[in-house]
Amino acid sequence: MARRDPMKLKTTNVPLELYDFARKWLTLLSLAIMLVLFLINAPFGRFAGNNHRRGRHPVGLFNSSLFLVDGIRSWIVMEMVAPLTFIYALFKSPLSFYKVPLPDAFSPQGVLIILFLIHYANRALINPLRTPSRSTSHLIVPLAGIIFNLANGYIMGSYLSSPYGRIYLGGQWAFERTSFRVGVLLWLVGFVGNVAHDEILLQLRRRAAERKAKDEKEVEDDDSKNKEKEATVTKKAAAGEYYGIPSGLLYEFISYPNYFCEWIEWTGFALAAAPFPIPIDASSVSTFQSSILSALRTIASPWTWKNALLTPPYAFAPTLPPPWVFVLAEIALMLPRAYKGHLWYKERFGERYPKGRKAVIPFVF
């Protein structure tokens, strides 16, 4: 049944119902896609059809060159959707019954808005424009990314401009809350770590591009003498990007520290922006443990998932606000990619790849 907007003479409120729909299905589909990604590789980067180690993706649908798109341009288009949709939702404030002014830049809401936009300025523009090259991607990847960013940008902007968000983050007292301070600090640590580890990858790409250009120039300078080498270089160029073993900082412990740092970043953001979605009693060690176990039993119950599927979007997981949906969705979608990429590194480099290096969580996984 559609909900009534008590402030308007309408039987439905489309922006509000769109928010409910996006919040529910972004959560559930991310978890479902996580299971799929443990079985097949997303067709972009090293796993795109023409970059795959065997020259073809195991899923035939992903091998057609007609659907391969430029890696850098498609990335920019895909990622720019999130901040644009976020800004639109801030201005429209779909969860408000009346038009509300934008928050002050120095308010808790304003700080979080700036942090969100800083992340996407780096992710959507600064980083890809500094990248010398990026492997091609199957069209399905940027299309899926656009859908994800449309939903995520909409619910995040809607939440921060909502009555609940304004109450929870309203007033200067929010700056005094421990969760806000710790959350912003975690965001900063995660963001800096993300940029630092991306810079290591950028340096690898730059060296690879220089090496590739040098190889091709040697062939051009002495093509009559090095026909065999020319064939080798041509084969390398056709196979896609050059890859090396990254090292330094958290790369000494895990293959995907940029993913790990991004999880820290958005966990900090969620901690600052919204209450934790699961009630936790930390009054004593025993009650803390029992509350955690109770939450895990609830999550693991098949009845929980059956109800989640059947529940109308407006009643879905009422204690799960968008910042925590974002954290959950990011981990769900990035964890299998990190695992598959880690296996690829080990297969590609064999004994040269550090044996003690984990996939994405230091010393754990």
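Criteria and cut-off values
Residues numbered from 1 in each chain as written. Predicted model: local features only at pLDDT ≥ 70, side-chain atom pairs only at ≥ 80, totals over all residues. Heavy atoms only, no water. Helix = DSSP H or I, 4+ residues; strand = E, 2+ residues; numbered from the N terminus. Contact = heavy atoms within 4.5 Å. Areas by Shrake-Rupley, 256 points an atom, 1.4 Å probe, with all protein chains shown as cover. Axes fitted to C-alpha atoms, helices over the stretch in contact; angles between N-to-C directions. Parallel < 35°, antiparallel > 145°, perpendicular 65-115°, else oblique. Nonpolar A, V, L, I, M, F, W, Y, C, P; charged D, E, K, R; others polar. Core = buried A, V, L, I, M, F, W, Y, C linked by side-chain atoms within 4.5 Å. Buried < 20%, exposed > 50% of the residue type's maximum accessible area, 1.4 Å probe, protein only. Expected span 1.5 Å × (residues − 1). Salt bridge = Lys/Arg side-chain N within 4 Å of Asp/Glu carboxyl O. Left-handed = near helix turned anticlockwise from the far one by under 90°. Patch = residues over 30% accessible without salt bridge, like charges linked within 9 Å, V, L, I, M, F, W, Y side chains within 5 Å. Phe/Tyr/Trp six-rings, centres within 6.5 Å; stacked < 30°, edge-to-face > 60°. Lys NZ or Arg CZ within 6 Å of the ring centre and 35° of its normal. UniProt positions renumbered as here; feature names shortened; annotations may be inferred. Polar contact = N/O pair within 3.5 Å; in protein donor to acceptor, adjacent residues only side chain to side chain. pLDDT = per-residue confidence, 0-100.

Describe the overall build of the protein, naming the residues involved and giving the relevant values.
Secondary structure assignment for the protein yields eleven helices and two strands. Reading the secondary structure of the protein in the N-to-C direction produces α-β-α-α-β-α-α-α-α-α-α-α-α. In the protein, the share of contacts with a sequence separation of at least 24, taken over all contacts with a separation of at least 6, comes to 81%. Split by element, the accessible area of the protein, about 19700 Å² in all, is 67% carbon and sulfur.

Pulling in residues and values, what's your account of the packing of helix 4 (residues 140-160) against helix 11 (residues 322-349)?
Their axes nearest at 9 Å, the elements helix 4 and helix 11 cross at an angle of 155 degrees. In terms of their interaxial angle, helix 4 and helix 11 are classed as roughly antiparallel. Here F148, N152, I155, M156 and Y159 of helix 4 lie close against helix 11, whose contacting residues are P322, P323, V325, F326, A329 and L333. The residue makeup of the contact of helix 4 with helix 11, split by class, is ten nonpolar, one polar and no charged.

Give me the lowdown on the nonpolar core, citing residues and values where you can.
Among the nonpolar cores identified, the biggest contains 42 residues, and L112, F116, L160 and F269 are the most heavily contacted of them. Tallying contributions element by element places helix 4 first for this core, with seven residues. When near neighbours in sequence (up to four residues on either side) are disregarded, F269 contacts L112, L115, F116, M156, L160, G183, W187 and P323.

Lay out helix 8 (residues 257-273) with the relevant residues and their values.
Here helix 8 spans 24 Å end to end across 17 residues, near enough to the 24 Å set by a 1.5 Å rise per residue. Of all 17 residues in helix 8, 14 are buried; the element is thus mostly enclosed.

Please give an account of the pattern of salt bridges that cites residues and values.
One pass over the structure, following the stated rule, counts six salt bridges. In this structure, R123 engages E79 in a salt bridge whose closest nitrogen and oxygen atoms are separated by 3.0 Å. With R123 in helix 3 (residues 108-130) and E79 in helix 2 (residues 71-92), this pair connects stretches of sequence that are 44 residues apart. In this structure, R123 and E79 share a single accessibility class: buried. Where E199 meets R130, a salt bridge forms, and the shortest distance between an N and an O atom there is 3.0 Å. Residue E199 is found in helix 6 (residues 178-221), and its partner R130 is found in helix 3; the two are separated by 69 residues along the sequence. A residue is classified by how much of its surface remains accessible, and E199, at 25% relative accessible area, is partly exposed. Bridged by salt links that share partners, the residues E79, R123 and E262 form one connected network.

So what's going on with the packing of helix 1 (residues 14-37) against helix 10 (residues 302-310)? Residues and values would help.
Between helix 1 and helix 10, the least distance of the axes is 11 Å, while the angle of their chain directions is 135 degrees. Classified by the interaxial angle, the pair formed by helix 1 and helix 10 is oblique. The interaxial crossing formed by helix 1 with helix 10 has left-handed handedness. Facing helix 1, whose interface residues are K24, W25, L28 and L31, helix 10 presents W305, A308, L309 and L310. Grouping the constituent residues of the contact of helix 1 with helix 10 by class yields seven nonpolar, no polar and one charged.

Residue-level account of a nonpolar patch on the surface, with values.
A grouping of V36, F38, L39, I40, F253, F363, V364 and F365 is seen on the molecular surface, where their side chains present a nonpolar patch of about 770 Å² in accessible area. Relative to the helices and strands, V36 is located in helix 1.

Describe in detail the packing of aromatic side chains, supporting the description with residues and values.
One pass over the structure, following the stated rule, counts 22 aromatic pairs. Through pairs of rings, three or more aromatic residues link up here, namely F86, F116, Y120, F148, W266, F269 and F326. A cation over an aromatic ring shows up here: R134 above the ring of W75, its NZ or CZ 4.8 Å from the ring centre.

I'd like to hear about the UniProt feature "transmembrane region" (unreviewed entry) in the protein, residue by residue, with values.
When the UniProt feature table is mapped onto this chain numbering, "transmembrane region" (unreviewed entry) sits at residues 25-44, 65-91, 106-126, 138-160 and 180-197. Secondary structure across residues 65-91 divides into 78% helix and 7% strand, with the first and last C-alpha atoms of the span separated by 40 Å. Across residues 138-160 one finds 91% helix and 4% strand; the C-alpha atoms that close the span lie 34 Å apart.

If you had to explain the side chain of S179 to someone new, which residues and values would you point to?
In this fold, S179 is placed in helix 6. Excluding residues that lie within four positions of it along the chain, S179 makes contacts with Y168, L271 and A272.

Please give an account of the side chain of S161 that cites residues and values.
Within the element layout of this structure, S161 appears in the loop between helix 4 and helix 5 (163-168). We classify S161 as buried; its relative accessible area is 5%. Polar side-chain contacts of S161 include one of 2.9 Å to the backbone oxygen of G157. In contact with S161, other than residues within four places in its own chain, are A89, L90, S93, S96, V100, Q109 and R166.

Any chance you could break down unusual backbone geometry for me, citing the residues and the numbers?
Positive phi, close to 35 degrees, is recorded for A317, a residue that is not glycine. Structurally, A317 is set in the loop between helix 10 and helix 11. A positive phi is found at F363, a non-glycine position, where the angle reads about 70 degrees. Note that F363 resides in the segment after helix 11.

For the confidence of the model for the protein, give the residues involved together with the corresponding values.
Mean pLDDT over the protein: 85, with 83% of residues reaching 70 or higher. This stretch, residues 4-11, has a pLDDT under 50; its non-local contacts, to residues over four places away or in other chains, come to ten contacts. Low pLDDT (under 50) marks residues 227-240, which in the prediction has 15 contacts with non-local residues, meaning those over four places away or in another chain.

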